[in-house]
Amino acid sequence: MDRSIHLVVVQFKPRKGDYVTNLARLAGVFSQIDSLDPRPDVAVFAETALTGYFVEGGVRDVALTAGAFARDLQAQYTSAVTTPRTLDVCIGFYEVWNNAFYNSALYVTLGGDQPVIRHVHRKLFLPTYGMFDEERFVDRGFEVRAFDTEWGRAAMLICEDAWHSLTGTVAALDGATVVFIVSASPARGLWPREEEGSVPANLKRWERLARDIAEEHGVFVALVNLVGTEGGKTFSGGSIICGPQGDIRARAPLWDETIMTISLDPHDLTRARSDAPLLTDLQTMMPHLMRTVDRIQAGERLVLSYDDEPSEGGPLTPASRNTAVSSEESAKASTRSKKTSRAPAIARSARVAKSGAGTDASRNGAEPIAVMRVSESRSGPPPLDIDPELTAGWLVSFLREEFERRGFEKAVLGLSGGVDSAVTAYLTAEALGKENVIAMRMPYRTSNPDSLAHAQLVIDALGIQSRLIDISPAVDGYLASEPDADPARRGNVMARERMIVLFDQSAKFHGLPVGTGNKTERLLGYFTWHADDSPPINPLGDLFKTQVWQLAKFLGVPDVIVSKPASADLIEGQTDEGDFGISYAEADAILNWLLSGYNPASLVARGFDADKVELVRKRLAGTHWKRKLPTVALLSSTGIGESYLRPVDY
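Reading the values: rules and limits
- Residues numbered from 1 in each chain as written.
- Predicted model: local features only at pLDDT ≥ 70, side-chain atom pairs only at ≥ 80, totals over all residues.
- Heavy atoms only, no water.
- Helix = DSSP H or I, 4+ residues; strand = E, 2+ residues; numbered from the N terminus.
- Buried < 20%, exposed > 50% of the residue type's maximum accessible area, 1.4 Å probe, protein only.
- Contact = heavy atoms within 4.5 Å.
- Core = buried A, V, L, I, M, F, W, Y, C linked by side-chain atoms within 4.5 Å.
- Pairing = 2+ DSSP bridges.
- Right-handed = clockwise from strand over helix to strand, strands pointing away.
- Axes fitted to C-alpha atoms, helices over the stretch in contact; angles between N-to-C directions.
- Parallel < 35°, antiparallel > 145°, perpendicular 65-115°, else oblique.
- Left-handed = near helix turned anticlockwise from the far one by under 90°.
- Phe/Tyr/Trp six-rings, centres within 6.5 Å; stacked < 30°, edge-to-face > 60°.
- Lys NZ or Arg CZ within 6 Å of the ring centre and 35° of its normal.
- Nonpolar A, V, L, I, M, F, W, Y, C, P; charged D, E, K, R; others polar.
- Polar contact = N/O pair within 3.5 Å; in protein donor to acceptor, adjacent residues only side chain to side chain.
- pLDDT = per-residue confidence, 0-100.
- Salt bridge = Lys/Arg side-chain N within 4 Å of Asp/Glu carboxyl O.
- Expected span 1.5 Å × (residues − 1).
- Bend = angle between axes of the 7 residues up to and from the residue.

Participant: Help me understand the overall build of the protein in this model?
Facilitator: Of the regular secondary structure elements, the protein holds 20 helices and 18 strands. Of all 650 residues assigned to the protein, the portion counted as buried reaches 48%. Considering only residue pairs separated by 6 or more positions, the protein has 72% of its internal contacts joining residues 24 or more positions apart.

Participant: Is there a simple way to think about the nonpolar core in this case?
Facilitator: Side chains that are nonpolar tend, in soluble globular proteins, to be buried together. Counting 130 residues, the largest nonpolar core has Leu7, Phe180, Ile181, Val221, Ile241, Val423 and Leu427 as its most contacted members. The biggest single contributor to this core is helix H10 (residues 419–432), with 9 residues. Setting aside residues no more than four positions away along its own chain, Val423 makes contact with Leu540, Val548, Leu551, Ala552, Leu555 and Val557.

Participant: Help me understand the pairing of strand E16 (residues 437–441), please; the structure alone is not making it clear to me.
Facilitator: Along any regular strand, the residues point their side chains to alternate faces of the sheet. Among the 5 residues of E16, 5 are classified as buried, and the element is accordingly described as predominantly covered. Because side chains alternate across E16, one face comprises the buried residues Val437, Ala439 and Arg441, and the other comprises Ile438 and Met440, equally buried. Judged from the 4 bridges that link them, strand E15 (residues 410–414) and E16 form a sheet pairing that is parallel. Residue pairing in the sheet places Val412 in a bridge with Ile438 of E16. Direction of pairing for E16 relative to strand E17 (residues 465–468): parallel, over a ladder of 4 bridges. Within E17, the residue paired with Ala439 across the bridge is Ser466. Crossover handedness for the path E16 to helix H11 (residues 449–462) to E17: right-handed.

Participant: Would you mind going over unusual backbone geometry with me for this structure?
Facilitator: Most peptide bonds are trans, and most residues other than glycine sit at a negative phi. In the segment running from Asp37 into Pro38, the intervening peptide bond is cis, with an omega of 0°. Positionally, Pro38 belongs in the loop between helix H1 (19–34) and strand E2 (42–44). Positive phi, close to 50°, is recorded for Glu56, a residue that is not glycine. By relative accessible area, Glu56 is classed as partly exposed at 28%.

Participant: Is there a simple way to explain the packing of H10 against helix H15 (residues 545–555) in this structure?
Facilitator: To characterise two packed helices, one gives the angle between the axes of the helices and the distance between these axes. H15 packs onto H10 with a crossing angle of 50° between their chain directions and a minimal axis gap of 10 Å. Classed by the angle they form, the pair H10 and H15 counts as oblique. Here H10 runs over H15; the crossing is left-handed. Residues Val419, Asp420, Val423, Tyr426 and Leu427 of H10 form the contact with H15, whose participating residues are Lys545, Val548, Trp549, Leu551, Ala552 and Leu555.

Participant: Is there a simple way to explain the packing of aromatic side chains in this structure?
Facilitator: Remark: the centre distance and the inter-plane angle together describe each pair of aromatic rings, the angle taken between the planes. Evaluated as defined, the whole model comprises 21 aromatic pairs. On the basis of an interplanar angle of 75° and a centroid distance of 5.9 Å, the ring pair of Tyr129 and Phe132 is categorised as edge-to-face. Taking the relative accessible area as the measure of exposure, Tyr129 reaches 45% and is therefore partly exposed. According to the relative accessible area criterion, Phe132 is buried, its value standing at 10%. Connected via pairs of aromatic rings, a cluster forms that spans Tyr53, Phe54, Tyr129, Phe132 and Phe235. The residue whose ring lies beneath Arg122 is Trp97, and the NZ or CZ to ring-centre distance is 3.6 Å. The ring of Tyr102 carries the charged tip of Arg122 above its face, separated from the ring centre by 5.7 Å.

Participant: What's the story with the pairing of strand E7 (residues 153–158) in this structure? I'm lost.
Facilitator: Within E7, 5 of the 6 residues are buried, which leaves the element mostly enclosed by the surrounding structure. With 3 bridges connecting them, strand E6 (residues 146–148) and E7 associate as antiparallel partners. Looking across to E7, one finds that Phe147 is bridged to Ala154. Hairpin connection from E6 to E7: 4 residues lie between these consecutive antiparallel strands, with Gly152 at a positive phi of about 155°. As judged from the 5 bridges shared by E7 and strand E8 (residues 178–183), these two strands associate in the parallel manner. Considered in E8, the bridge of Ala154 is made with Val178.

Participant: What exactly am I supposed to notice about the packing of helix H9 (residues 388–406) against H15 here?
Facilitator: Closest axis-to-axis distance for the H9/H15 pair is 9 Å, and the angle between their directions is 90°. Considered as vectors, H9 and H15 are oriented roughly perpendicular to each other. Packed against H9, whose contacting residues are Pro388, Glu389, Thr391, Ala392 and Leu395, the element H15 presents Leu551, Phe554 and Leu555 at the interface. A breakdown of the residues in the contact of H9 with H15 according to their chemical character gives 6 nonpolar, 1 polar and 1 charged.

Participant: Help me out: how do you make sense of the sheet that holds strand E12 (residues 240–242) in this one?
Facilitator: Through backbone hydrogen bonds, the strands of a sheet pair up, either in parallel or in antiparallel fashion. Pairing in this open sheet of 6 strands is mixed, and the strands run E6-E7-E8-E9-E12-E13 from one edge to the other. Taken across any chain shown, the strands that pair with only one partner, and hence form the sheet edges, are E6 and strand E13 (248–251). Averaged over all neighbouring strand pairs, the angle between strand axes comes to 20°, with direction disregarded.

Participant: Looking at this structure, how should I read the side chain of His217?
Facilitator: Inspection of the secondary structure assignment puts His217 in helix H5 (residues 201–217). We classify His217 as buried; its relative accessible area is 3%. A polar side-chain atom of His217 sits 3.2 Å from a polar atom in the side chain of Thr169. Beyond its immediate chain neighbours, meaning those up to four positions away, His217 contacts Gly168, Thr169, Ala172, Arg273, Leu279 and Leu282.

Participant: Before we go on, may I ask you to explain the sheet that holds E17 in this structure?
Facilitator: If you walk across this open sheet you meet the 4 strands as E17-E16-E15-E18, and the pairing is parallel. This sheet does not close on itself; its edge strands, each paired only once, are E17 and strand E18 (511–513). The sheet shows a mean angle of 25° between the axes of neighbouring strands, taken without regard to direction. Together, E16 and E17 form the strand contacts of H11, whose direction differs from that of E16 by roughly 170°.

Participant: Can you help me understand the confidence of the model for the protein in this one?
Facilitator: The predicted structure's coordinates, where accompanied by low pLDDT, should not be read in detail. Looking at the protein as a whole, its pLDDT mean stands at 89, while 89% of the residues score no less than 70. Note that residues 321–327 has pLDDT below 50 and, in this model, 10 contacts with residues that lie over four places away or in other chains. Across residues 333–359 the pLDDT falls below 50, and counting only partners more than four positions away or on other chains, this stretch makes 8 contacts in the model.

Participant: Looking at this structure, how should I read the pattern of salt bridges?
Facilitator: Where charged atoms from two side chains of opposite charge approach closely, those side chains can pair. Applying the stated criterion across every chain, the model contains 30 salt bridges. Of the charged contacts in the structure, one is a salt bridge between Arg251 and Glu207, with a shortest N-O distance of 2.7 Å. Of this pair, Arg251 sits in strand E13 while Glu207 sits in helix H5, and the two are 44 residues apart along the sequence. Taking relative accessible area as the criterion, Arg251 reaches 46% and is therefore assigned partly exposed.

Participant: Please clarify how helix H7 (residues 278–298) should be interpreted in this entry.
Facilitator: Note that an α-helix has 3.6 residues per turn; residues three or four places apart therefore point the same way. Look at H7: 28 Å from first C-alpha to last across 21 residues, which is about the 30 Å you get at 1.5 Å a residue. In H7, a bend of some 50° at Met285 exceeds every other bend along the element, and Pro287, a proline, comes one to four places later. On the buried face of H7, the contacting elements are helix H4 (165–173), H5 and helix H6 (267–275).

Following this line, the structure appears as structure tokens:
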């Protein structure tokens, strides 16, 4: 008889905040699952699979009870599957329960007369760091439990729950043989990881966590990630199935919706636990460990005992909780212990030295032991080197998602002849197709002729559409009444005029404007406010300039564009690095350290030039205002963006 567990992982891409539309799509998914051979026992979806994760204040709009959710799933299942066979579904959702909201996971059996809810797990660990502020919008759960299914015993964890090793331990101790980890963790980290494959850095961390839970406890682990983008945050997919020896049994692709099916043999659990009976060892020691945890929680001090000192009980008898002593008594006991043990210890040392015990006989004790010196190890920021193939695929996926979600097919972008706009054009053409990209060349009469020529190289190489619109008449028409405008003001007028053209042409072509600014420019404030930063999406905004150059070489941007000095081309002879007083390579290195939490003094101690560190620090600190939306006087308890919170993409 086949006792295998037939599992299907569904990497599903929800339309954010649109529960009804996402739910309706499940009928097609269930129909596909029903046609698989062997037919799955259980289908696993990601965290918040039918609403998206970053809904913020919108949680109250999409949350529903577990019972209502189960009935909705049942309706979709019965509409799509004509056979009487049931299907277990593990899926994340926002739950309302006992007058509170939770990030929960439901395990339900569909296909009978009524859906049968086997378990609801409410997320314990709610991240409130980095890009996360989850505890502001949902309450915590407080329990991890395993539960019975038709095929065995399972447990569920949600995202950060799995980052704390104790949760996997609790699930295994409660008898789980399969642990489902449902996650909506945005991809982060694009530096090369040749030994681990071309995937986001945090996805490799997830893989290690899943493998550790599986191997330590001899369980199967299914880690299922969301796919799609939300407000620029890209969920990577790359879901994995781990065997009970920590081996990877299956891995789904990055970025894309996927239905991945696999059969798991429960006999593998027996073999793994026989080879490494760690769970059995833990079950034996758990009562003792729990007593230790109780004492730690109670703040009890450890009383050290050794060298045959008298103690209560014997070696197999745990010390009584009543043996707790004060800090002063503990110190006295420690002193007594040292006095009684010092002389014997000295005598033993003398005997060892005299006999030569512990020396390597093959060396005859004559040669000194080799000394291995290791250079000082210091932590540092993530490397500036990128995996260009991973980065390109990541950004192409981001662009496709944003255009699809916003309902646009065409992109309109300014093509200056510089490397940033060239890279953006290459990525956009790959994402949307060359026929859907319109490049705008917008020279002023003092612009460098090379800019037009280099932009044309990109147009010809990609075969994209283009328009040339001279902004000189519009700019000069305004500046005629401002004869005292200095070069900086004139440059700002040109930049803002280009945005007027870009947005108007976007309306003409029914396209979406695409920004081209890089992270270094944004951090140093080297852009015109409400001009360069105006387009609603920007694929390069989190890449340092030096990283854009790396990506440009990978994409095949003409070398004459990659190698020339970067320039905004607003003032004749102007270059970016000339304006900064520092090279991009130096600025990027300093910014990378500062953004990773290191202060200027620590950078100088590491060999950075103090003047250049201060130059970058001042520009960074002095331009925060350019990276913020307008400051609005807060007068009510429903201030937009403060109390009334709905993400920009919802």
